[in-house]
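# Commentary on secondary and tertiary structure
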Amino acid sequence: MLASLKHSAIVQAFAALLVGRAGMLASWSFVPDDIRFSWLAPVLVLDSVILGFQLSLVRRAIRAQGASLSSYFLVILSFVILGLVGVTALNRLAVASMKDAPDVEATMYEVDLNGAARLEGMIDFAHYAALKSLLEKDAHGVRVVHLNSTGGRIPAARGIARLIREAGLDTHVSGTCASACTIIFIAGNARTIQPDGRIGFHGYRLLSTIATVDVAEEERKDRAAFLAKGVTATFLERAYSVPHSEMWFPSHRTLLDAGVVTQPN
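Presented here is an overview of the structure given in this document.

## Some points on the overall build of the chain
Within the chain, the secondary structure is distributed over nine helices and five strands. Helices and strands in the chain line up, N terminus first, as α-α-α-β-α-β-α-β-α-β-β-α-α-α. Of all 265 residues assigned to the chain, the portion counted as buried reaches 44%. Taking as baseline every contact in the chain between residues at least 6 positions apart, the subset at least 24 positions apart corresponds to 70%. A total accessible area of about 14000 Å² is found for the chain, and carbon and sulfur atoms account for 59% of it.

Written out as structure tokens, the structure is:
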């Protein structure tokens, strides 16, 4: 029966779906990482609506040509398989953006006479690119990174932390360092804090309605990195038990005893 439908609207709809999905995935790979997650759910919803519309057209075409019900279900199955392939591909592209920080043009960090670079505001890949560029041009001039951030993107924070570890830099909290900022702070060799500074911790959560990552696995990765830098397991258990909607700001003594801060004020 499918042979008799070769030149029908069913084949045309099927081809349109293939071309449309290929174009969507190709375009998605060029979407900047800093907006990819926020657009993932809307794009998938829109794609599902389009898929449903195409299926309704196929149903009409089959009815008009008097095809059997089994032919209809076979075509429906093909569409569903393509739909699952598309969703899986989009999820993989979104997860891949968490692994490597791309080069993004950004304003250079300011470095004072004491070799201190400053990172302020919401953490993003622009911070990663700026610090990377600075280290490539003046690797010996930077000795410490001063932090004042309430958080931001965890993938970007991990990239910055890697740069700090590789360069053997110190870190210092000059204001507030919370959430993703702690990943950067604990990457430092010597870790210090201003007398009025504070460091905040909480557990992770998935911001997207689509399961693009395993939250428990992401926590495990950062716990391992913290343990490797001398932070106690007891402290980490307490820190990650805090709901994402809240923030725990331990005392300076607690931070020092737990190995989060390496030197007293």
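Structure's up, so let's keep going.
## Concerning the state of the cysteines
With the rule as written, the count across this model stands at one disulfide. Each sulfur in the disulfide pair Cys 177 and Cys 181 lies 2.2 Å from the other. Between Cys 177 and Cys 181, the S-S torsion sits near -110°, and that sign places the bridge as left-handed.

## What about the pattern of salt bridges?
Per the stated rule, a full pass over the model turns up three salt bridges. One salt bridge connects Arg 223 with Glu 237, and the closest N-O pair in it is separated by 3.0 Å. With Arg 223 in helix α7 (residues 215-228) and Glu 237 in helix α8 (residues 233-240), the pair connects residues that are 14 residues apart, well separated along the chain. A relative accessible area of 23% means that Arg 223 is categorised as partly exposed.

## Let's talk about the side chain of His 146
Its location among the elements puts His 146 in strand β2 (residues 144-149). Within the structure, the side chain of His 146 is placed 3.4 Å from the side chain of Arg 118, a separation counted as a polar contact.

## As for helix α5 (residues 154-167)
Along an α-helix, residues three or four positions apart point the same way, because every turn accommodates 3.6 residues. Taking 1.5 Å per residue, 14 residues should reach 20 Å; α5 reaches 20 Å between its end C-alpha atoms and fits that length. Of the residues making up α5, those classed as buried are Pro 155, Ala 156, Ala 157, Arg 158, Gly 159, Ile 160, Ala 161, Leu 163 and Ile 164. In the segment just after α5, Gly 168 is the residue with positive phi, at about 65°.

## Re the packing of helix α4 (residues 125-137) against α5
The N-to-C vectors of α4 and α5 enclose an angle of 20°; their axes lie 8 Å apart at closest approach. One element, α4, and the other, α5, form an angle in the roughly parallel class. In this structure, α4 meets α5 at a crossing whose hand is left-handed. On α5, the residues that touch Phe 125, His 127, Tyr 128, Leu 131, Lys 132 and Leu 135 of α4 are Pro 155, Ala 156, Gly 159, Ile 160, Arg 162, Leu 163, Ile 164 and Ala 167. Taken together, the residues of the contact of α4 with α5 break down into ten nonpolar, two polar and two charged.

Rules used in this analysis
- Residues numbered from 1 in each chain as written.
- Predicted model: local features only at pLDDT ≥ 70, side-chain atom pairs only at ≥ 80, totals over all residues.
- Heavy atoms only, no water.
- Helix = DSSP H or I, 4+ residues; strand = E, 2+ residues; numbered from the N terminus.
- Buried < 20%, exposed > 50% of the residue type's maximum accessible area, 1.4 Å probe, protein only.
- Contact = heavy atoms within 4.5 Å.
- Areas by Shrake-Rupley, 256 points an atom, 1.4 Å probe, with all protein chains shown as cover.
- Disulfide = S-S within 2.5 Å.
- Salt bridge = Lys/Arg side-chain N within 4 Å of Asp/Glu carboxyl O.
- Polar contact = N/O pair within 3.5 Å; in protein donor to acceptor, adjacent residues only side chain to side chain.
- Expected span 1.5 Å × (residues − 1).
- Axes fitted to C-alpha atoms, helices over the stretch in contact; angles between N-to-C directions.
- Parallel < 35°, antiparallel > 145°, perpendicular 65-115°, else oblique.
- Left-handed = near helix turned anticlockwise from the far one by under 90°.
- Nonpolar A, V, L, I, M, F, W, Y, C, P; charged D, E, K, R; others polar.

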